[in-house]
Every structure is written in structure tokens, then in C-alpha cells.
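Listed here are the chains, written in short residue letters.
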Amino acid sequence: MTDISVTRGADVERFLSRFQVTLEEDGTSTRHVVTLSSSDYERLGGAYATPEDFIRACFGFLLEREPKESILSSFDVAQIGDYFPEFERAIQAP
């Protein structure tokens, strides 16, 4: 099982937040920087208590589909749907 650690960094701008995510499994880890707009959080993350919980769920979604080493080191949450068309539907139904 992969441990997903999410830390919210300083907001990039008024409507954009940045998160540092570390994925640890079997003694190895990867680090990722993810941005999330307030509009995407409102639209997709309403079922989650915090943006950090939503980001954690996004990585859970990704890890069900690819190994941690294949996840981009830096991306915006909105890009996930470009690679996985089912993302928006799946992430809204935790």
C-alpha cells in the first residue's frame, strides 16, 4: 500500500493553491508538486472535507492506474482528465 503525504504550500495566486505530495512504498518514494484552482476544487472536490483530502483522493485515483514512478512530477489537477477521461466522474463519487 502506498502512503500518500500531502502538504499545502503557499498559494501561487489568489485562486490557485500548490501542494507537495510524497508517495512512499516499499522503501522508495517519489515527490510531486500539484496545483489546484479554487474553481476545480469547488467543481470536483465538493465531497471532500479539505483540499488536501481531495488531492489525496486524486493520487489514489492515479495509483489505481499507474505506478508512482509514472506519475508526473509536476502538474495541475485539471490535467488528470487529459490522460484519464473517467477522472471527473470517478473523483466526484468517493
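Here's what I pulled together on the structure shown here. Counting of residues starts from 1 at the beginning of each chain's written sequence and follows it residue by residue. Given that the model is predicted, a residue must reach a pLDDT of at least 70 before its local features are reported, and side-chain atom pairs must reach 80 or more before they are shown or counted; all residues, however, enter totals for whole chains, interfaces and linings. Note that water and hydrogens are dropped before the side-chain values are worked out from all heavy atoms of the structure.

**Observations regarding the overall build of the protein**
The numbering of helices and of strands both runs from the N terminus, where a helix is a DSSP run of H or I of at least 4 residues and a strand a run of E of at least 2. Each helix and strand in the protein was counted, giving four helices and four strands. Overall, the protein shows an N-to-C arrangement of helices and strands of β-β-β-α-α-β-α-α. The C-alpha atoms of the protein give a radius of gyration of 12 Å, which matches the 12 Å a tight globule of 94 residues would have. Viewed in the frame of its principal axes, the protein has a C-alpha envelope of about 35 × 30 × 25 Å. Residues classed as buried in the protein amount to 39% of the 94 residues present. Counting only contacts in the protein whose residues sit at least 6 apart along the sequence, the fraction spanning at least 24 positions is 41%. For the protein, the computed accessible surface area is about 5500 Å², with 48% contributed by carbon and sulfur atoms. Positive residues here are Lys and Arg, negative ones are Asp and Glu, while His and the chain termini are left out of the count. For the purpose of locating charges, the reference atoms are NZ of Lys, CZ of Arg, CG of Asp and CD of Glu. Treating the 9 positive side-chain charges of the protein as one cloud and the 17 negative ones as another, the clouds have centres 3 Å apart. We compute the radius of gyration from the C-alpha atoms alone; for a globule the expected value is 2.2 Å times N to the 0.38, where N is the number of residues. When a residue's accessible area, from a 1.4 Å probe over protein chains only, is under 20% of the maximum for its type it is buried; when over 50% it is exposed; and in between it is partly exposed. For this analysis, residues touch if any pair of their heavy atoms sits within 4.5 Å. Where accessible areas are quoted, they stem from the Shrake-Rupley method and a 1.4 Å probe; at the residue level, only the protein chains shown are allowed to cover.

**Some details on the sheet that holds strand β3 (residues 28-37)**
In a beta sheet, neighbouring strands are held together by backbone hydrogen bonds and run either parallel or antiparallel to one another. Strand order across the open sheet formed by four strands is β1-β2-β3-β4, with mixed pairing between neighbours. Both edges of this open sheet fall to β1 (3-8) and β4 (74-76), since each of them pairs with a single strand only. The sheet shows a mean angle of 25 degrees between the axes of neighbouring strands, direction not considered. Paired strands, in this sense, are two strands between which DSSP finds at least two bridges. Strand direction decides the pairing type here: strand β2 (residues 16-25) and β3, joined by 10 bridges, are antiparallel. Within β3, the position partnered with Leu23 by the bridge is Thr30. Working convention: axes come from line fits to C-alpha atoms, limited for helices to the stretch in contact. Angles between N-to-C directions cover 0 to 180 degrees. Packed onto the sheet, helix α2 (residues 51-63) meets β1, β2, β3 and β4 and runs at close to 145 degrees relative to β1.

**Comments concerning α2**
Under the 1.5 Å per step criterion, the end-to-end length of α2 is 18 Å for 13 residues, consistent within 8% with the ideal 18 Å. Residues of α2 that are buried include every one of Pro51, Phe54, Ile55, Ala57, Cys58, Phe59, Phe61 and Leu62, and no others. Expected helix span is given by 1.5 Å per residue-to-residue step, counting one fewer step than there are residues.

**Focus: the pattern of salt bridges**
For this analysis, a salt bridge means a side-chain nitrogen from Lys or Arg found within 4 Å of a carboxyl oxygen belonging to Asp or Glu. Within the structure shown, the criterion is met by six salt bridges. When the shortest N-O distance is used, the salt bridge between Arg43 and Asp40 registers 3.0 Å. Placement of the pair is Arg43 and Asp40 together in helix α1 (residues 38-44), with a separation of three residues, close to one helical turn. Measuring nitrogen to oxygen at the nearest pair gives 3.2 Å for the salt bridge that ties Arg65 to Glu64.

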